[in-house]
Each structure stands twice: as structure tokens, then as C-alpha cells.
Amino acid sequence: MPRSTTHVDNAVLADLATSSFELIVSLQDSSGAYPASPEFSAYRDYSWFRDGAFIADGVSAFGGVESATRFFDWCSGVVLTHRESIERIVAAAQKGAPLPDAEMLPTRFRFDGSAGNDAWWDFQLDGYGTWLWAVTEHAHRHGIPLERWQPAIGLTVDYLASSWDRPCFDWWEEHSEHIHVSTLGCIAAGLSAAGESGILEPEQVAATEAATTAITETVRRRGITDGHLTKWLGTSDVDGSLAALISPLGHVPARSALGLATIARVDEALNVDGGVHRFQADTFYGGGQWPLLSCMLGLAFAAAGDPERARAQLVWAAGTVTGSGFMPEQVDDHLLDPAFTDEWVSRWGTVATPLLWSHAMYIRLAVELGITPGVLR
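Residues numbered from 1 in each chain as written. Predicted model: local features only at pLDDT ≥ 70, side-chain atom pairs only at ≥ 80, totals over all residues. Heavy atoms only, no water.

1. Quick word on the overall build of the chain
Applied cut-off: Each helix is a run of H or I in the DSSP string that is no shorter than four residues. Each strand is a run of E no shorter than two, and both are numbered from the N terminus. The quantity called the radius of gyration is restricted to C-alpha atoms. Its globule counterpart is 2.2 Å times the number of residues to the power 0.38. Summary of the burial criterion: residues with accessible area below 20% of their type's maximum are buried, those above 50% are exposed, and those between are partly exposed, where the area comes from a 1.4 Å probe applied to protein chains only. Two residues form a contact once any of their heavy atoms are found within 4.5 Å. Only the protein chains shown count as cover for residues, and the accessible areas themselves come from Shrake-Rupley with a 1.4 Å probe. The charge count treats Lys and Arg as positive and Asp and Glu as negative. His and the chain ends do not count. Here the site of a charge means NZ on Lys, CZ on Arg, CG on Asp, or CD on Glu.
Looking only at helices and strands, one finds 14 helices and 7 strands in the chain. The C-alpha radius of gyration computed for the chain amounts to 19 Å, which stays within 12% of the reference 21 Å derived for 377 residues, consistent with globular compactness. A principal-axis box enclosing the C-alpha atoms of the chain has dimensions of 55 × 45 × 45 Å. Classification of the 377 residues of the chain by burial places 58% in the buried group. Considering only contacts within the chain whose residues lie at least 6 apart along the sequence, 72% involve residues at least 24 apart. As presented, the chain carries roughly 14000 Å² of accessible surface, and 50% of it is formed by carbon and sulfur atoms. Measuring between centres, the 24 positive side-chain charges of the chain sit 2 Å from its 47 negative side-chain charges.

Here you go:
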């Protein structure tokens, strides 16, 4: 399927959504965890809360109730397993002596719920916000009582409310010295969803409200330049992940001045013929274009009332599928720094393919556009 064209029948696009759903479900572990990429050396046998939450949201929107529920059960089990660590983290933060990064929760887990022994850039907060957001979306979408996940949701709220303002690694496992606006948006979206769920204790509801208010004010003061959101606090650069704060997370209203300006800036700075880069200084595998980010920008376009641009993003993403029906993490059509490609291939092998997150974001955009049947709130 050629990239960078809008002349693709909806039936073809719908078929890819169906095959993407079938692929994700077929690769889901018996534990409920979604593997990030089943054969890629650095991701094999691990599941991320962030990636998995977005995967589950795509699966849920397609109608895969049982599969998404199993993933959220897995998340809940992992959180409950780490209850003592969370309580220790929260207590230290309340005393004004926060624990070091190495003692915070990891960003990824083995399928059995253990943290694993492989070295990684592990302290990331965004995934715990995305799981809160995604599980509440799933429950509301399909009429599932949230009480089955209440203990884990409550613990996650305590963790995020106590730690949201800490610098940590971003979505891309980079720049732990900064506070990232996408991370803050994920946390706020998750805390807001949990706070409005009706299953928290009053003091936890108050904590979600206080944290989201503080996050909003922090971003207003330090995370906006020229009217658009920025990559991290204090910079003017943007990141492709910012589109997710507009849709599907819904943290920033798409048709607000901030939403429209952020869409326009991400589009201008990072979108090349439908393929979206992570950020302008990206060198990972040469800094290619990511189908999942193309679909996230497509979701933002759709939310802002531009279905034509949204469909063009979907078609570009569809064009990245291999002959085996797999969607990769990124493609090398337009590299920002090709000199780094061989270094990463030597380190980890060829680009992660399939990346389940890519397939899930494709599904989510196809459902949003009505190209394939689904269930939206």
C-alpha cells in the first residue's frame, strides 16, 4: 500500500483495523499483558503501562471487551503487588524527603508482574496516568463496574498525587532531568478520570483535584510558548506525543486556542507527508517517522473538526504495513539524522516490528473516523 496518498478505499482501511485487532489479541499473554513487540530484542517479554493502556483503549474501542479487561486486571495485579513500595514512596513524599528515582515504580514489567533485571530508563510517571484514564474509559464505554479495580486505582492515585511534580524520563525514555508536558498531561488525564469515577474516598478525590489544578497552573506558567504546548517545561520545542493530550486523552480541548495552536505547531514542526517524528532532535534509528504518532495527530485533527486531515494520517499509517501485515515502530522514509541508524541496528537489531502500540493507534483512529465499527463514549 503506497504511503502519502488519500486514494485508498475505506474497505481496505477497515480490513487493516480488523487484522490489527486480531494480531494484538493473538499476541496478548495469558497473564493479560500486551507485549510491546514480541521479537524485538530490547522489548521482548516486557509490557509497559503506557503502551499497554493505549493498546487496551484501541482494543476496547474496537469492541474487544474481554481482552482489554484482562489487561486492566493485569495492571491492577501489578499495582497491588507493589503496594508496600507505593506506600513507602507516598510516606516519604509527605515527609518532604522523597525517595530517589531508583526506588520509584518501574515503567515496564515482565508478564508475571515482576520488574525484571534488565537495565532500563525506568522512572516514568506517564504510564500510571494512562492506565487510570484508559481503565475508566473502558468501564464507561462498556458499562463495567470499576469496583473490581478500585484498590489499584486508589493506590495509583496516591502515587501520582504525591509525585507528579518530579522530573523523570519521558515517553521515549529520555531526558530524566526535565518535567515533560506530555507526562503531566497523562497524569492529569488519569487523575481527573479517577477523581470523577465515583469510587474514590473523599480525601482521594480532593487529592486528584488539587494535583490536576496544580498541573494545569504549572503548564500554563512554564509549558506553553507562543500559544502551544511544549516538550518540557521551559523550552519552546514540541514533541509528537503532545497530540495525545488533545485526543484520545482529552486533557486539552481540541478546539480551544491552546489545542488548535498545539495541533498546528506539531503538524508544522514534525509532520512530513503524514509521517510524524517524535521531536526535531531525534536520533533513535536515525529519527524516523512513527505510525502511532501519525494516528495520534490524526485523532487530534478529527477532534478539531478536520476529518480530511485525520483520514490522510490514517492512510499514511496504513502504508507502513509490511508484507506480513505488521506495522513497525518507525519507518525510514524521512530520517532526521541517518548517521545514527547503523548504531542502533548494531545495538538492538532492526526496528521493532510489529509494534502493538502502532496497530492499536491505527484501530483507534479508524474507529474515530467511522471507517470500522466500534464503541466510543
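2. A closer look at the packing of aromatic side chains
Here is the rule: Only centres within 6.5 Å qualify two rings of Phe, Tyr or Trp (six-membered ring in Trp) as a pair; their planes then separate them into stacked at under 30 degrees, edge-to-face at over 60, and tilted for everything else. Here, a charge over a ring means that NZ of Lys or CZ of Arg falls within 6 Å of the ring centre while also lying within 35 degrees of the ring normal.
On inspection of all chains with the given rule, the structure shows 33 aromatic pairs. For the pair phenylalanine 72 and tryptophan 131, a centre-to-centre distance of 6.5 Å together with 35 degrees between the ring planes defines the contact as tilted. Of this pair, phenylalanine 72 sits in helix α3 (residues 65-81) while tryptophan 131 sits in helix α5 (residues 126-142), and the two are 59 residues apart along the sequence. Comparing phenylalanine 72 with tryptophan 131 shows no difference in burial state: the two are buried. For the pair tyrosine 128 and tyrosine 159, a centre-to-centre distance of 5.3 Å together with 75 degrees between the ring planes defines the contact as edge-to-face. Separated by 31 residues along the polypeptide, tyrosine 128 in helix α5 and tyrosine 159 in helix α6 (residues 150-163) bring together distant segments of the chain. Assessed through its relative accessible area of 2%, tyrosine 128 is described here as buried. Classification of tyrosine 159 as buried rests on a relative accessible area of 1%. For the cation-ring pair, arginine 108 lies above tryptophan 120, with the distance from its terminal atom to the ring centre recorded as 3.9 Å. The aromatic ring of phenylalanine 279 is capped on one face by lysine 231, whose charged end is 3.9 Å from the ring centroid.

3. A few points about the sheet that holds strand β5 (residues 271-272)
To summarise the sheet geometry, strands pair through backbone hydrogen bonds and adopt either a parallel or an antiparallel arrangement. Put simply, the rule reads: The pairing criterion for strands is at least two bridges between them, as found by DSSP.
Taken together, the 3 strands give an open sheet; going across it, the order is β5-β6-β7, and neighbouring strands pair in antiparallel fashion. Two strands close off the open sheet at either side, each with one partner strand: β5 and β7 (289-290). Judged from the 2 bridges that link them, strand β6 (residues 275-277) and β7 form a sheet pairing that is antiparallel. Directly across from histidine 277, in β7, lies its bridge partner glutamine 289.

4. Concerning the layout of surface pockets
What counts here: Here a cavity means grid points, on a 1 Å grid over the protein atoms only, where a 1.4 Å probe fits yet cannot get out; a pocket means an open set of points with protein on both sides within 12 Å along at least five of seven lines; lining residues are those with an atom within 4 Å of a point. Grid points are joined across faces, edges and corners, and a volume is the space filled by probe spheres set on the points. Three classes are used: nonpolar for Ala, Val, Leu, Ile, Met, Phe, Trp, Tyr, Cys and Pro, charged for Asp, Glu, Lys and Arg, and polar for all others, with Gly counted as polar.
Size it by volume and the largest pocket reaches roughly 280 Å³. If you trace the largest pocket, you find 19 residues lining it, with Tyr43, Trp172, Glu173, Arg278 and Phe284 closest to the centre. Listing elements by their share of the lining of the largest pocket, those giving two or more residues are α2 (49-62) and α13 (341-348). By residue class, the composition of the lining of the largest pocket is 13 nonpolar, no polar and 6 charged.

5. Digging into unusual backbone geometry
The omega angle of the peptide bond from serine 247 to proline 248 is 20 degrees, so this bond is cis rather than trans. Tracing the sequence through the fold places proline 248 in the loop between α9 (242-246) and α10 (257-270). In this structure, proline 354 follows threonine 353 across a cis peptide bond, with omega equal to 0 degrees. Turning to its location among the elements, proline 354 is positioned in the loop between α13 and α14 (356-368). Positive phi, close to 50 degrees, is recorded for aspartate 226, a residue that is not glycine. The residue aspartate 226 is located in the loop between β3 (224-225) and β4 (228-229) in this model. Owing to a relative accessible area of 74%, aspartate 226 belongs among the exposed residues under this scheme.

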